[in-house]
Structures are given as C-alpha cells and as structure tokens.
Amino acid sequence: MSRVYNFSAGPAVLPEEVLQELADEMMDYNGTGMSVMEMSHRSKAYQEIIDTAEQDIRDLMNIPDNYKVLFLQGGASQQFAMIPMNLMKNGVADYIVTGQWAKKAYQEACKYGKANKIASSEDKTFSYIPDCSDLPISEDADYVYICENNTIYGTKYKKLPNTKGKILVSDVSSCFLSEPVDVTKYGIIYGGVQKNIGPAGVVIVIIREDLITEDVLPGTPTMLQYKTHADNGSMYNTPPAYGIYVCGKVFKWLKKMGGLEAMKKHNEEKAKILYDFLDESKLFKGTVVKEDRSLMNVPFVTGNEELDAKFVKEAKAAGFENLKGHRTVGGMRASIYNAMPKEGVQKLVEFMKKFEAENI
Ligand SMILES: *Cc1c(COP(=O)(O)O)cnc(C)c1O
C-alpha cells in the first residue's frame, strides 16, 4: 500500500484509521453479516449508527438542546436554495460576499427574494475579509449570510459579523470541526462534509428549532423543507446512509484525538509551519492578508505561471498530490484539513525549500 500526501480541497483526505475501520467492517458490520451500504435504514443497527453520530457531533460542538442536527443530501450547494426557501419570511436577506461560494449562495437567494450584498471583498480578488463591525444590515432582513472559511481563496472570519440582532447563517463546509465554535451565535451552521468529515453528498445542517416552521415560500418541495427532515430524524426518505456512517466514524476519531480544542491546536501548528515558510521564502508567497488567513486552505504563488506549473508537477512526482490552485485563482493551494498529519506539512515545506533552492 502506498498513500500520498493529499492536499485536495475536497473531496479530501480522511484519517487512515477511519479508512481502515471502514475496510474492516465492509463485509460484516458488527456481526450483522452485511455492509452498512446494504442495510435497511429502518433497521435497529442503522438507527444506532445515526443516533450515535448525532450524539457525537453534539458532544464535539457542544450543541444546545434547542438546535436540531440534520443529515441531508445535495451537498452544501443545495442549501443555497433551501435557506432562503425556509427562512425568507419577509423576503429579505443580507449577504456578505467573500468568495465564490458566498457569491453562489447570494445569486441563488436572488431567485427567491430580495437578497442584498451588504459587503464584498471581490475588489481585491477576495483576498481579505471586509470589516463587518458596522454593516448596513437591512431593518427587515430575515437573516445575514456568510461563508466562514473561503475554501478557494484561503480566508477565514476571525470574528463573526455584527448582525445587529439578525439571525446569522453560516456555511462552514471547509472549516467544519476544525476548531471550537459557539453554536448559540448562529441560526444555522451548515456544511458539506467532503472537506473535513466524510464523503461528498452529505450535508450537515445545525439549525435552531424556532427556525423550523411550515411557513416556507410557496412551492417549496417537501424534500427542501427543514421541517420534513426534522420531524423524521433525517429519515423522511432513505438518507445518505453510508456517508452518515463514515461521518460518525470521523466524529469518534475526533473525540479520540481530544475534541475540537485539540484539533484547533493541531491545525494551528500545521498552518504555522507553512505560513512561516511562506513569509520568509524568496520564491513563494501567500496570497491573502495575514490577519484573515485560513487554517485549512493555504493558497500561494511564485509569481510566475510556468514555475507554478513546474512546482505542481514536481510535487506530484514526489508524492504531494492536488496542490494546483483553483482554476479561478491559479498558483497553488495546500488544503491541510484535520486529517492531514503534521508530518505531511513538514515534508511539503522541505520540498518547497528544495524547489526554491533549485529555481531561484
Ligand atoms: C465545497 C464547498 C461548497 C460546495 O459543496 P458541494 O457539496 O459541492 O455543494 C460550498 N461551500 C463551501 C465553503 C465549500 O468549500
């Protein structure tokens, strides 16, 4: 077996221990004589899997009892529509646009009501987080929307926006479970799991109970109402059963690793290794303002497209995969999610030093 260091932005690296457990349980899950993939979602064994997964994420994030945890399908992008359909009671919402994902969410919301772009960092290719301490929040806004960690650009909110009492909705796809959060600050906190938790397709929505109502936009499909899923324990229809089981394994792994405080420390240490090098390098440099740097996604460039391409190619040959930057940004990007070991980042930096010495 030979595994690479996988710096993919998503789907992304998962803990080897978890992958091994999945393999061990593939043919016979816990004496059932079948794979979880083959199991009825109405079975006792599966009910236990989903219940345990829910309890474990509740423990990890310290989720209060007045929040529901929903395991849904359609990825994070489905939420771009589901959120306005369920929350736009006044038909108004404010969006802070800090990257492609926030922009897509904003554009989708425009279909369902009056979405206001109240701040943006598009003027400087989304390389910073705007000052959100005193934004022109709409009087009748049903919610304020952010993308908390910008996967493509590598920025993260270090402080949540002042929503002036309005409900905060946050896409945390690429920083999910990477550090502790105060769930009570949010109306909805959600993310696709393929960045930091599990297989693509599953999206986890943590939603305050009072936001789950029948008062949704006319024509909202049954499957796109939070109430449908909340009333049925995420099993109105067949859930993404195997994916949820994998998420549950990762929750157990996170608990074993010491929970989110320990993860934060681990992630800060890893990111520091890479950022410290970028700050001293004569060849490579980071692309975003220092204060807003993400712990999860680290974009960097040499300033020369040919050299960037050469780096990506040589890195791949040396066992460092998926370092090419997003097609809209160019350069490189190292995604260093929870499951990326510190050793992976250390080795990458060693490789970058060697490349620098050979190419400067
Ligand atoms: C990847 C990503 C998405 C899109 O996720 P899908 O599951 O492909 O819909 C949305 N938001 C953020 C922040 C992401 O990183």
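All values reported here derive from a predicted model rather than from experimental measurement.

**Student:** Any chance you could explain the sheet that holds strand S4 (residues 114-120) here in plain terms?
**Tutor:** The strands making up a sheet associate through backbone hydrogen bonding, with each pair oriented either parallel or antiparallel. What the seven strands build is an open sheet, ordered S2-S10-S9-S8-S5-S3-S4; its pairing is mixed. The strands lining the two open edges of the sheet, one partner per strand, are strand S2 (67-72) and S4. On average, each strand axis in the sheet is tilted by 20° relative to the strand beside it, whichever way the strands run. When strand S3 (residues 92-97) meets strand S5 (residues 144-147), the two strands line up parallel, connected through two bridges. Its bridge partner lying in S5, Tyr 95 is registered against Tyr 145. Strand contacts of helix H2 (residues 44-61): S2, strand S9 (188-192) and strand S10 (203-208), with the helix running at about 130° to S2, the strand carrying the most contacts. Against the sheet, helix H3 (residues 75-87) makes contact with S2, S3, S5, strand S8 (168-171), S9 and S10, and its axis sits at roughly 155° relative to S9, the strand it touches most.

**Student:** Before we go on, may I ask you to explain the sheet that holds strand S11 (residues 285-286) in this structure?
**Tutor:** Read across the sheet, three strands follow the order S11-S12-S14 without closing on themselves; strand pairing throughout is antiparallel. Looking at strand neighbours, the two that pair on one side only are S11 and strand S14 (332-335), the edges of this open sheet. Alignment of strand S12 (residues 297-301) against S14, held across four bridges, turns out to be antiparallel. Each residue of the ladder has a partner; that of Phe 300, found in S14, is Met 332. Along the sheet face, helix H7 (residues 259-280) touches S11, S12 and S14 and points at about 20° away from the line of S12.

**Student:** Explanation requested: a nonpolar patch on the surface in the structure shown.
**Tutor:** Judged by side-chain polarity, Met 26, Met 27 and Met 37 come together as a nonpolar surface patch covering roughly 350 Å² of accessible area. Note on placement: Met 37 falls in the loop between helix H1 (16-24) and H2. For Met 37, a relative accessible area of 54% translates into the label exposed.

**Student:** What am I meant to see in the side chain of Ser 170 here?
**Tutor:** Among the secondary structure elements, Ser 170 is positioned in strand S8. Under the relative-accessibility criterion, Ser 170 is labelled buried at 0%. Not counting the four nearest positions on each side in its chain, Ser 170 is found in contact with Ile 146, Glu 148, Tyr 186, Ile 188, Ile 189 and Tyr 190.

**Student:** Teacher, can you tell me more about the packing of aromatic side chains here?
**Tutor:** When we look at a pair of aromatic rings, we describe it by the centre distance and by the angle of the planes. A full pass over the atoms with the stated rule returns 16 aromatic pairs. Consider the rings of Phe 284 and Phe 311, whose centres lie 5.1 Å apart with planes at 70°: the pair is edge-to-face. Residue Phe 284 is located in the loop between H7 and S11, and its partner Phe 311 is located in helix H8 (residues 305-317); the two are separated by 27 residues in the primary sequence. The exposure class of Phe 311 is buried, given its relative accessible area of 0%.

**Student:** Even after reading the chapter, I still don't get the site of the ligand, so can you show me in this structure?
**Tutor:** Neighbouring residues of the ligand: 13 residues in total, closest Ser 77, Thr 151, Asp 171, Gln 194 and Lys 195. Within the contact set of the ligand, an oxygen atom lies 2.6 Å away from a side-chain nitrogen or oxygen of Ser 77. Considered on its own, the ligand offers 390 Å² of accessible surface; in the complex 87% of this is hidden by protein. The greatest single-element share of the shell around the ligand, amounting to four residues, is contributed by H3. Here the shell around the ligand is composed, by residue class, of four nonpolar, seven polar and two charged.

**Student:** What's the story with the packing of H1 against helix H6 (residues 241-256) in this structure? I'm lost.
**Tutor:** Running from amino to carboxyl end, H1 crosses H6 at an angle of 135°, the nearest separation of the two axes being 10 Å. Between H1 and H6, the crossing angle belongs to the class labelled oblique. Two packed elements cross with a definite hand, and for H1 against H6 that hand is right-handed. Facing Glu 17, Val 18, Glu 21 and Leu 22 of H1, the residues of H6 in contact are Tyr 242, Tyr 245, Val 246, Lys 249, Val 250, Trp 253 and Lys 256. Of the residues belonging to the contact of H1 with H6, the class tally is seven nonpolar, no polar and four charged.

Reading guide: rules and limits
Residues numbered from 1 in each chain as written. Predicted model: local features only at pLDDT ≥ 70, side-chain atom pairs only at ≥ 80, totals over all residues. Heavy atoms only, no water. Pairing = 2+ DSSP bridges. Helix = DSSP H or I, 4+ residues; strand = E, 2+ residues; numbered from the N terminus. Axes fitted to C-alpha atoms, helices over the stretch in contact; angles between N-to-C directions. Contact = heavy atoms within 4.5 Å. Patch = residues over 30% accessible without salt bridge, like charges linked within 9 Å, V, L, I, M, F, W, Y side chains within 5 Å. Areas by Shrake-Rupley, 256 points an atom, 1.4 Å probe, with all protein chains shown as cover. Salt bridge = Lys/Arg side-chain N within 4 Å of Asp/Glu carboxyl O. Buried < 20%, exposed > 50% of the residue type's maximum accessible area, 1.4 Å probe, protein only. Phe/Tyr/Trp six-rings, centres within 6.5 Å; stacked < 30°, edge-to-face > 60°. Near = heavy atom within 4 Å. Polar contact = N/O pair within 3.5 Å; in protein donor to acceptor, adjacent residues only side chain to side chain. Nonpolar A, V, L, I, M, F, W, Y, C, P; charged D, E, K, R; others polar. Parallel < 35°, antiparallel > 145°, perpendicular 65-115°, else oblique. Left-handed = near helix turned anticlockwise from the far one by under 90°.

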